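So you can see what is in the structure, the chains are spelled out below.
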Amino acid sequence: GKGWVSVYVEDWQDSGFLAKRLSQAVKAPVLETWVADDTHWGYNYYEGGEVRDRFTDDPSQVAEGAEEAALYQGDADRLAPVLQVPSARFAALLQEARAGAGQFAAGPLDALALAVGLPFEHIFTSYDHFFDDDPEDYSEDLEDWSAFRHLAFAPPPGRETLSE
């Protein structure tokens, strides 16, 4: 799907840290998507190690007040060119996601995946599923399933996670 590389983290708390560091190291845009309790989802978009855009279907789920909630509105004009989709189409996706906040997150994430040409399984499958599910469940839908690799690493000495 358009040169995408999907990366999954074992501990969701390391996701943002890894996305930030990847965007610095590879000097490329990084889009971190997340799902909470199967009902809320969002993204953080990084360039050069800095968050350039954020979205969540329900900002009250992640923000502690109106000022912080304003940071999670999503900017279609900023992200759409990177994703190679028309801004109006991306804005509509965000609006539909916001309207369906609190419902099963698979629908809006599937729409996002289709819009950017990314297989749905690359955006919605969680890390745990790679170990708990039968690989045959994915190999039919994902032609490149055999290319998936699990790279294990340990946090730096004295830390329990990467992001500490």
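Data block above holds the structure.
Residues numbered from 1 in each chain as written. Predicted model: local features only at pLDDT ≥ 70, side-chain atom pairs only at ≥ 80, totals over all residues. Heavy atoms only, no water.

Trainee: Can you walk me through the pairing of strand β1 (residues 30–36) in this structure?
Mentor: In summary, the side chains of a regular strand alternate between the two faces of the sheet. Relative to strand β2 (residues 40–47), β1 runs antiparallel, the two being bridged by 7 bridges. Looking at β2, one finds that Val 30 is bridged to Tyr 46. Once β1 ends, the chain turns through 3 residues before running back antiparallel as β2, passing Asp 37 with a positive phi of about 55°. (Pairing = 2+ DSSP bridges. Helix = DSSP H or I, 4+ residues; strand = E, 2+ residues; numbered from the N terminus.)

Trainee: Whenever I open this one, the environment of Asp 75 confuses me. Can you help?
Mentor: Mapped onto the fold, Asp 75 is located in the loop between α2 (66–69) and α3 (76–83). When the C-alpha atoms of Asp 75 and Asp 53 are compared, they prove to be 6.3 Å apart, with 22 residues separating the residues in sequence. When residues no more than four places from it in sequence are discounted, the contact partners of Asp 75 are Tyr 43 and Asp 53. For Asp 75, the side chain forms a polar contact with the main-chain nitrogen of Asp 77, separated by 3.1 Å. (Contact = heavy atoms within 4.5 Å. Polar contact = N/O pair within 3.5 Å; in protein donor to acceptor, adjacent residues only side chain to side chain.)

Trainee: How should I be thinking about the sheet that holds β2 in this particular structure?
Mentor: Note on sheets: strands pair through backbone hydrogen bonds, and any given pair is parallel or antiparallel. Reading across the sheet, the 3 strands line up as β1-β2-β3 and stay open at both edges, with antiparallel pairing between neighbours. Edge strands, defined here as strands with exactly one partner in the open sheet, are β1 and β3 (50–56). Sheet twist, expressed as the average angle between the axes of neighbouring strands with direction ignored, equals 15°. Strand contacts of helix α1 (residues 15–25): β1, β2 and β3, with the helix running at about 170° to β1, the strand carrying the most contacts. (Axes fitted to C-alpha atoms, helices over the stretch in contact; angles between N-to-C directions.)

Trainee: So what exactly am I meant to see when it comes to helix α4 (residues 87–99) here?
Mentor: Every α-helical turn comprises 3.6 residues, leaving residues that sit three or four positions apart pointing alike. When the terminal C-alpha atoms of α4 are compared, their 18 Å separation across 13 residues agrees well with the 18 Å that a helix rising 1.5 Å per residue should span. Those residues of α4 lying buried are Phe 90, Leu 93, Leu 94 and Ala 97. What you see down the axis of α4 is that its buried residues fit within an arc of 95°, all on one side. In α4, those exposed residues whose orientation departs by more than 90 degrees from the buried face are Ala 88, Gln 95, Glu 96 and Ala 99. Buried residues along α4 sit in contact with β2, β3, α3 and α5 (106–116). (Expected span 1.5 Å × (residues − 1). Buried < 20%, exposed > 50% of the residue type's maximum accessible area, 1.4 Å probe, protein only. Arc of directions from axis to C-beta.)

Trainee: Could you clarify how one ought to interpret the pairing of β3 in this entry?
Mentor: Bridge count between β2 and β3: 6 bridges; the pairing is antiparallel. Considered in β3, the bridge of Asn 44 is made with Arg 54. Linkage of β2 to β3, two consecutive antiparallel strands, is achieved through a turn of 2 residues, within which Gly 48 is found at a positive phi near 55°.

Trainee: How should the packing of α4 against α5 be read in this particular structure?
Mentor: Angle between the axes and distance between the axes: these two values describe a pair of packed helices. Where α4 contacts α5, the two axes come as close as 10 Å, and the packing angle between them is 170°. When the axes of α4 and α5 are compared, the pair comes out roughly antiparallel. Where α4 abuts α5, its residues Arg 89, Phe 90, Leu 93 and Ala 97 lie against Pro 108, Ala 111, Leu 112, Leu 114 and Ala 115. (Parallel < 35°, antiparallel > 145°, perpendicular 65-115°, else oblique.)

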